[in-house]
Amino acid sequence: MRPKNAEIVEIVPETPTVRTLRFDLAFDAVPGQYLMVWVRGVDEVPMSISYKDGITVQLVGEATRAIFDLEVGDGLGLRGPLGNGFSLLGDSILLVGGGVGAAPLAFLGEAAKERGIEVTTILGVRCCGDLIFRERFRRIGELVITTDDGSLGICGRASAGLSCLNLQEFHQIYLCGPEPMMADVIGRCRGMETKIQASIDRYFKCGMGICGSCSIDPSGIRPCVEGPVIRADELVGTEFGRYKRGPSGRKK
Ligand SMILES: Cc1cc2nc3c(=O)[nH]c(=O)nc-3n(C[C@H](O)[C@H](O)[C@H](O)COP(=O)(O)OP(=O)(O)OC[C@H]3O[C@@H](n4cnc5c(N)ncnc54)[C@H](O)[C@@H]3O)c2cc1C
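Definitions and limits used
- All residue numbers refer to position in the chain's written sequence, counted from 1.
- A pLDDT threshold of at least 70 governs which residues receive local features in this predicted model, and a stricter bar of 80 or more applies before side-chain atom pairs are shown or counted, although totals over entire chains, interfaces and linings include all residues.
- Excluded from the side-chain calculation are hydrogens and water; included are all heavy atoms of the structure.
- Like-charged residues within 9 Å of one another, or nonpolar side chains (Val, Leu, Ile, Met, Phe, Trp, Tyr) within 5 Å, are grouped into patches, provided each residue has over 30% relative accessible area and no salt bridge.
- Method for areas: the Shrake-Rupley scheme with a 1.4 Å probe, in which residue coverage is limited to the protein chains shown.
- Any carboxyl oxygen of Asp or Glu within 4 Å of a side-chain nitrogen of Lys or Arg constitutes a salt bridge here.
- Here the positive residues are Lys and Arg and the negative ones are Asp and Glu; neither His nor the chain ends is included.
- Charged side chains are reduced to one point each, which is NZ for Lys, CZ for Arg, CG for Asp and CD for Glu.
- Helix and strand definitions here come from DSSP, where helices need a minimum of 4 consecutive H or I residues and strands a minimum of 2 consecutive E residues; each element is numbered from the N-terminal end.
- Exposure categories follow from relative accessible area, calculated using a 1.4 Å probe and restricted to protein chains: below 20% of the type maximum is buried, above 50% is exposed, and the middle band is partly exposed.
- Segment limits for the domains were obtained from an automatic or database-derived domain assignment.
- By definition in these notes, contact holds between two residues if any of their heavy atoms fall within 4.5 Å.
- The term buried area means the drop in 1.4 Å probe accessible area that two parts suffer when joined, counted for both and summed.
- Pairs of N or O atoms are called polar contacts if they sit within 3.5 Å, as long as, within protein, a hydrogen donor faces a hydrogen acceptor (for residues adjacent in sequence, only side-chain-to-side-chain pairs).

A surface patch of negative charge is lined by Asp91, Glu118, Glu142 and Glu169. Along the chain, Asp91 falls in the loop between β6 (75-82) and β7 (92-98).

Printed below as a string of structure tokens:
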């Protein structure tokens, strides 16, 4: 699949280090699918679709710095939508997002609400200034906020928000965020693994299942095509929560 050129029509600052880019192209995407975003002359990196015509980017390194330097009217090459996306199941669901992991979950929550599904969300961030899409999630349903520093909501990690909910009420739980957070939530929901869908962050190069750079030990699941959304029971006993591989394939 060749990248399509997309022009940036709007840039929305969400926090000092996170911004949303809206494009002149809209994607018929399943929430949880991603785009390979080609920053010409720099790199091509995976980004979840956060609106049918947008992505939400956290500034971390070279490619995301180059994205932050772009202005309205500039272009990016976009390949996608790629991957499987989340499966919406049941009448009552829980979303658990950490940091910029809230991006695909907001898109998912809106699709769920449209279908009449009851949505509860836990958003975990380091401090209140890191929170994104608060109003978007409030419009979808009940929102529980956790902050590591206690500046808003419950003091603690996203998993601390689980204790104020009856988990058995949810037909499905959806996770996206830092891997230790997702592993912690899965660990606290023992016996519910088949009801948990997690969006996995691995080093994606081709986005087509060819290069094997994102493969998970020992199952060999390729998150770029068979994911990025993987059911928790398929993650048990794998590298998930223990290590991942960098660009050279070396464990980190
Ligand atoms: C399926 C998926 C969806 C993602 N969605 C989002 C999103 O919605 N918003 C967002 O801000 N970030 C998202 N990311 C992470 C994003 O791809 C990285 O933050 C980005 O690639 C960093 O590139 P960089 O050059 O700025 O940083 P670098 O300095 O090159 O790297 C910093 C870190 O970013 C990660 N990274 C770098 N290149 C890649 C790559 N090709 N594939 C995967 N990880 C990489 C690595 O962990 C690396 O250590 C997603 C990742 C995946 C796998």
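Structure's up, so let's keep going.
This structure, assessed with the given rule, holds 13 salt bridges. A salt bridge links Asp148 to Arg157, with the nearest nitrogen and oxygen atoms 4.0 Å apart. For Asp148, a relative accessible area of 33% gives the class partly exposed. Residues Glu226 and Arg222 are paired through a salt bridge, measuring 2.9 Å at the closest nitrogen-oxygen approach. Judged by its relative accessible area of 39%, Glu226 is partly exposed. A network of salt bridges, in which partner residues are shared, links Glu179, Arg202 and Glu239.

Domain boundaries assigned for the protein chain yield domain 1 (4-82) and domain 2 (92-199). For domain 1 versus domain 2, the separation of C-alpha centres amounts to 23 Å. Contacts between the two partners involve 14 residues from domain 1 and, on the opposite side, 12 residues from domain 2. Together domain 1 and domain 2 conceal approximately 1,100 Å² of surface at their shared face, both sides included; 69% is due to carbon and sulfur atoms. In this structure, the connection of domain 1 to domain 2 is made through 0 salt bridges. Taken together, the links from domain 1 to domain 2 amount to 1 residue pair in polar contact (both at pLDDT 80 or more). Residue assignment for the side of domain 1 that touches domain 2 shows that the elements contributing at least two residues are β1 (4-15), β2 (18-23), β4 (43-51) and β5 (54-58). Per-element tally for the side of domain 1 that touches domain 2: the top contributor is β4, with 4 residues.

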